[in-house]
Amino acid sequence: MWYSSCKMDVTYSLLCVLFFRSVTVYAQNCVPTFQETEIGVEYDEKQATTLISGCLVGSKMTRKDIDLIISIKGQVIPSLNTGAISNVHHKFHLNIIHNEIDAIKKNAFRDLPRLYNISLEHNHLTSVEPYAFENLPSVKGIHLSNNNIDVIKKHTFVNLPKLTDIFINNNKLKEFDQNWFASTPALEWLALYDNQITSLTAAAFRDLRSLTTIAFNNNNLRYIDPEAFHGLNRLKELTLGGNELTSFEEVNLSHLSALYRLGIEHNKFTYSSPRFFNAVRDNMKELFIQGNPLQCACVDELVLWASNNGIELVWKCEGKEVYCLFPLSNENDCVKRPTEQFSSSLIESFRSVCPIA
Ligand SMILES: *[C@@H]1O[C@H](CO)[C@@H](O)[C@H](O)[C@H]1NC(C)=O
Ligand SMILES: *[C@@H]1O[C@H](CO)[C@@H](O)[C@H](O)[C@H]1NC(C)=O
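Visitor: Got a sec to walk through the site of ligand 1? Specific residues and values, please.
Guide: Around ligand 1, a shell composed of His93, Asn117, Ser119, Gly141 and His143 is seen. Taken together, the elements giving at least two residues each to the shell around ligand 1 come down to β11 (115–119) and β14 (141–143). Its residues assigned to classes, the shell around ligand 1 comprises no nonpolar, five polar and no charged.

Visitor: With reference to specific residues and values, describe unusual backbone geometry.
Guide: A negative phi angle characterises most non-glycine residues, just as the trans form characterises most peptide bonds. In this structure, Glu36 is a non-glycine residue whose phi angle is positive, near 50 degrees. Checked against the element boundaries, Glu36 lands in strand β2 (residues 34–43). The exposure class of Glu36 is exposed, given the 10 C-beta atoms found within 10 Å. For Asn159, which is not a glycine, the phi torsion comes out positive at approximately 55 degrees.

Visitor: Mind laying out helix α3 (residues 296–308), listing which residues take part and the relevant values?
Guide: Taking 1.5 Å as the rise per residue, α3 with 13 residues should run 18 Å; its terminal C-alpha atoms sit 19 Å apart, in good agreement. Restricting attention to buried positions, one finds in α3 the residues Cys298, Val299, Leu302 and Ala306. On an axial view of α3, the arc spanned by its buried residues comes to 100 degrees, and they lie on one face. Residues of α3 that are exposed and angled more than 90 degrees away from the buried face: Leu304, Ser307 and Asn308.

Visitor: Break down the pairing of strand β3 (residues 46–54) for me, with residues and values.
Guide: Pairing geometry for β2 and β3, over eight bridges, is antiparallel. Bridge pairing in β3 links Ile39 to Thr50. Hairpin geometry of β2 and β3 is characterised by an intervening segment of two residues between the two adjacent antiparallel strands and by a positive phi of about 50 degrees at Asp44.

Visitor: For the environment of Pro293, give the residues involved together with the corresponding values.
Guide: Looking at the secondary structure, you find Pro293 in the loop between β24 (286–288) and α3. For the pair Pro293 and Cys354, spaced 61 residues apart in sequence, the C-alpha separation works out to 9.9 Å. Dropping the residues within four chain positions of it, Pro293 is found in contact with Lys268, Thr270, Leu325, Ile347 and Phe350.

Visitor: Can you lay out the sheet that holds strand β10 (residues 109–110) for me, pointing to particular residues and giving the numbers?
Guide: The strand order across the open sheet formed by three strands is β4-β7-β10, and the pairing between neighbours is parallel. Only two strands of the sheet have a single partner each, and these edge strands are β4 (56–57) and β10.

Rules used throughout
Residues numbered from 1 in each chain as written. Chains lettered and ligands numbered in written order. Predicted model: local features only at pLDDT ≥ 70, side-chain atom pairs only at ≥ 80, totals over all residues. Near = placed C-beta within 6 Å. Helix = DSSP H or I, 4+ residues; strand = E, 2+ residues; numbered from the N terminus. Nonpolar A, V, L, I, M, F, W, Y, C, P; charged D, E, K, R; others polar. Buried ≥ 20, exposed ≤ 12 C-beta atoms within 10 Å, placed from the backbone. Expected span 1.5 Å × (residues − 1). Arc of directions from axis to C-beta. Pairing = 2+ DSSP bridges. Contact = placed C-beta atoms within 7 Å.

Take it as geometry only, folks, not as evidence of what the structure does.
In structure tokens form, the structure reads like this:
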């Protein structure tokens, strides 16, 4: 019932015969995922395709020293079931994009000791089951961008000792929870931009201390707990642009002793002061504040502070004349003010990506 075969017209058909053997031997661990699905195998610029039904199971007989790309593209696969890809002992990259997949089941990826990169971009994923990505000792990157994921459950990414990069951008997530991860001690890059996340809780990244880059731009962030960034003393880059933040001064930046680049552009705050950034002045090189309805007196203070500290400050949208606003009175003071102290039409003009002159 399950079989794999190679297309006879391919010069390298032998290649795939060697790589994959019949899955029936392992059938007890395989909930069928594929049905006459075309699988591409590439190495050293050689390519072959094979049709697989059931599960994709590697052969133990072949050389393990070659680096493969296994691709499944542009087909219709409703879900990646238990054992979908298993027992492949080569070093390989798995590329499963544009297949309309809407779920990944627990243990879909099993016994893949040298798998180093998984791309599942451009599918229709709405859910990923807990333990979907578990015990993959060599995986460095997981790419889930451009799906419809709205919830990730606790313990979805588990025991991934080499995982450094995870991309879940361009999905529909409404919250972030560090408990998605368990035993991922090497995680450096967390890309969650272009989602709908509304807040960050206290110590939101406490168990992910190896992070160096957090990208939360283009979400719906309205609230960041002052202690959200607790424990992130390796973080170099934090991007929070394109959110709904009406203030930023409560956020305790002292935790971010290694911060190099901070982006808080295109939010909604009218007040900011160099004082808030002094805590991270020593390592900071780039600060982005443009596209906020900031008081002109505050922008002036920040520009001076940045130039005195050798920090590159982006305070104005390219080609735009309007970059700050004057309050209705005492315009020379950079102080926190209620919104009534600004002309509402001016504030409104900052709602577009860059202020309209
Ligand atoms: C892993 O896959 C992603 C997405 O296809 C790609 O951008 C990235 O370069 C790959 N990384 C490696 C190390 O091959
Ligand atoms: C900010 O965090 C630091 C620790 O990095 C702590 O010492 C300080 O008290 C915190 N500031 C406030 C206002 O809680």
